[in-house]
Amino acid sequence: MNFPKDFYWGGATAANQCKGAWNTDGTGKERIILSGIHEYYEPEELIGKTCIAIVNLPPRNMMGIDSEGMLLSAKHTEEGQEKLHLLMVDPHIPAGAKLY
């Protein structure tokens, strides 16, 4: 199975409750990706992480800010509690690497 050509990983360079900048495509362009994950992650936990994002979506205005992608995550129940985990890759994989 191959992922579509616009599946990339990104490293968080900034994060807070209303925005995070992600270098997602290897070009050095930072993207703002809004995501409702604060219940599961504190902003400082995301800095330097390598997450998978879909970046070929049209921008979506959320809270007056254009979100330029969608983080991929998995939700499940663990010990009776709902958990969410962002899909992350090894930090040694360079930005823009094709996912298979």
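Residues numbered from 1 in each chain as written. Predicted model: local features only at pLDDT ≥ 70, side-chain atom pairs only at ≥ 80, totals over all residues. Heavy atoms only, no water.

**Observations concerning the pairing of strand β4 (residues 50-54)**
To be explicit about the condition: The rule is simple: take the accessible area with a 1.4 Å probe, protein chains only, and divide by the maximum for that residue type; under 20% is buried, over 50% is exposed, in between is partly exposed. Numbering goes from the N terminus for both helices and strands, where a helix is a DSSP run of H or I of at least four residues and a strand is a run of E of at least two. A pair of strands is considered paired only if DSSP assigns at least 2 bridges between the two.
With respect to burial, β4 is a largely interior element, five of its five residues being buried. The side-chain alternation of β4 yields two buried faces, one formed by Thr 50, Ile 52 and Ile 54 and the other by Cys 51 and Ala 53. In the sheet, β4 pairs with strand β7 (residues 70-71) via two bridges, with the strands oriented antiparallel. Across the sheet, the residue bridging to Ile 54 is Met 70, located in β7.

**A closer look at the pattern of salt bridges**
This is how it is decided: For this analysis, a salt bridge means a side-chain nitrogen from Lys or Arg found within 4 Å of a carboxyl oxygen belonging to Asp or Glu.
In this structure the tally under the stated criterion is one salt bridge. In this structure, the salt-bridge partner of Lys 75 is Glu 82, at a minimum N-O distance of 3.4 Å. Overall, the relative accessible area of 48% leaves Glu 82 in the partly exposed class.

**Considering the confidence of the model for the protein**
So the rule is basically this: One confidence number per residue, pLDDT, is output by the predictor and ranges from 0 to 100.
Confidence in the prediction of the protein, expressed as mean pLDDT, is 76, and 70% of residues score 70 or more. Averaged over each element, pLDDT in the protein is lowest for strand β2 (residues 20-23) (49) and highest for strand β9 (residues 81-86) (93).

**A closer look at the nonpolar core**
Note the threshold: Side-chain atoms within 4.5 Å link the members of a nonpolar core, which is a set of buried Ala, Val, Leu, Ile, Met, Phe, Trp, Tyr and Cys residues. In this analysis, two residues are considered to be in contact whenever any of their non-hydrogen atoms come within 4.5 Å of each other.
Judged by nonpolar contacts, Ile 33, Ile 37, Tyr 40, Tyr 41, Leu 46, Cys 51, Ala 53, Val 55, Leu 71, Leu 84 and Leu 86 together constitute the single largest core of 11 residues. Looking at this core, the elements with two or more residues in it are β4 and β9. Once residues within four sequence positions are removed from consideration, Ile 37 is found in contact with Leu 46, Leu 71, Leu 84 and Leu 86. Residues Ile 52, Leu 72, Val 89 and Leu 99 belong to the second largest nonpolar core, which totals five residues.

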